[in-house]
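Architecture and fold: a report
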Amino acid sequence: MNEAKNTYTTSADRGSFLCPLPDWSTISLSGEDAKSFLQGQVTCDVNKLLENNALHGAHCNFKGKMWSNFVLVEHQGALHLMMQSSVTEASLTELRKYGVFSKTSIDDSSDKYRIVGLFGDDAESFITDNFNQLPDYQFAVATSEDAWVVKLSESRPLYMMACTESLLSKVKQHPNFDFSHSAQWLSHLLAEGFPTVT
């Protein structure tokens, strides 16, 4: 127990880290009815979603059972829900069940976008260099043509990025990033008060 705790503390204190999150996925919705359709399916107010501001919410059935929770981003005219891969299929199935009645395409876009956790001052420098701006409040979003990044903490340099394989290769080559494990990433999310359905 002490050894695991020390590992987490070292990772948090040593500066900047990169955490590839292969156990996270993305569901993307596009089409003229995407926002109005999703508004009736999730707990957050989708009408408040902006390209520079993400939302945190949950996807539940009519009895309130949670299928998944997610971070929702709008990028290039589509809505993207980032969530744990273990719950993606259930949410995707339920969304598609009701999506057939609206002008909305609903796809698992995990092959297109890779999810990455970033932390630290060097993470902020990387984001500024590649997105030309730094999200400066909780759930603020910065975007580029093929990626987006969300700040998850009000007070700490904790970010989640979705990007193409080419940008992921670039960030992996950054000389100042240590690599962290996804379990440590979840510890950071829990420290920020983010419950995660797995």
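Structure's up top.
Residues numbered from 1 in each chain as written. Predicted model: local features only at pLDDT ≥ 70, side-chain atom pairs only at ≥ 80, totals over all residues. Heavy atoms only, no water.

Right, let's talk about the sheet that holds strand β2 (residues 24-30) for a bit. Read across the sheet, five strands follow the order β3-β4-β5-β2-β6 without closing on themselves; strand pairing throughout is antiparallel. Of all strands in the sheet, those bounded by a partner on one side alone are β3 (55-60) and β6 (105-108). Neighbouring strand axes in the sheet, compared pairwise and without regard to direction, differ in orientation by 30 degrees on average. Along the sheet, helix α3 (residues 85-99) contacts β2, β3, β4 (66-75), β5 (78-84) and β6; its crossing angle with β6, the most-contacted strand, is approximately 165 degrees. (Pairing = 2+ DSSP bridges. Helix = DSSP H or I, 4+ residues; strand = E, 2+ residues; numbered from the N terminus. Axes fitted to C-alpha atoms, helices over the stretch in contact; angles between N-to-C directions. Contact = heavy atoms within 4.5 Å.)

Turning to the sheet that holds strand β1 (residues 17-20), a few remarks are in order. Spatially, the six strands line up as an open sheet ordered β8-β9-β10-β7-β1-β11, and their pairing is mixed. If you trace the sheet from one side to the other, it starts and ends with β8 (141-144) and β11 (178-179), each paired once. Strand direction decides the pairing type here: strand β7 (residues 114-119) and strand β10 (residues 158-163), joined by six bridges, are antiparallel. Residue pairing across strands places V116 opposite M161, the latter belonging to β10. The sheet strands contacting helix α5 (residues 165-172) are β1, β7, β9 (147-151), β10 and β11, and the helix crosses β10 at an angle near 140 degrees.

Turning our eyes to something else, we now look at the state of the cysteines. Considering all chains together, one arrives at zero disulfides under this definition. Free cysteine C44: the closest other cysteine sulfur is in C60, separated by 10 Å. C44 sits in the buried class, given a relative accessible area of 10%. (Disulfide = S-S within 2.5 Å. Buried < 20%, exposed > 50% of the residue type's maximum accessible area, 1.4 Å probe, protein only.)

Empty space within the largest pocket amounts to approximately 150 Å³. G40, Q41, H59, C60, N61, F62, W67, E94 and Y98 together form the lining of the largest pocket. Every element with two or more residues in the lining of the largest pocket is listed here: β3 and α3. Split by residue class, the lining of the largest pocket holds four nonpolar, four polar and one charged. (1 Å grid on protein atoms, 1.4 Å probe; cavity = no way out; pocket = protein on both sides within 12 Å on 5 of 7 lines; lining within 4 Å. Points joined across faces, edges and corners; volume = space filled by probe spheres on them. Nonpolar A, V, L, I, M, F, W, Y, C, P; charged D, E, K, R; others polar.)

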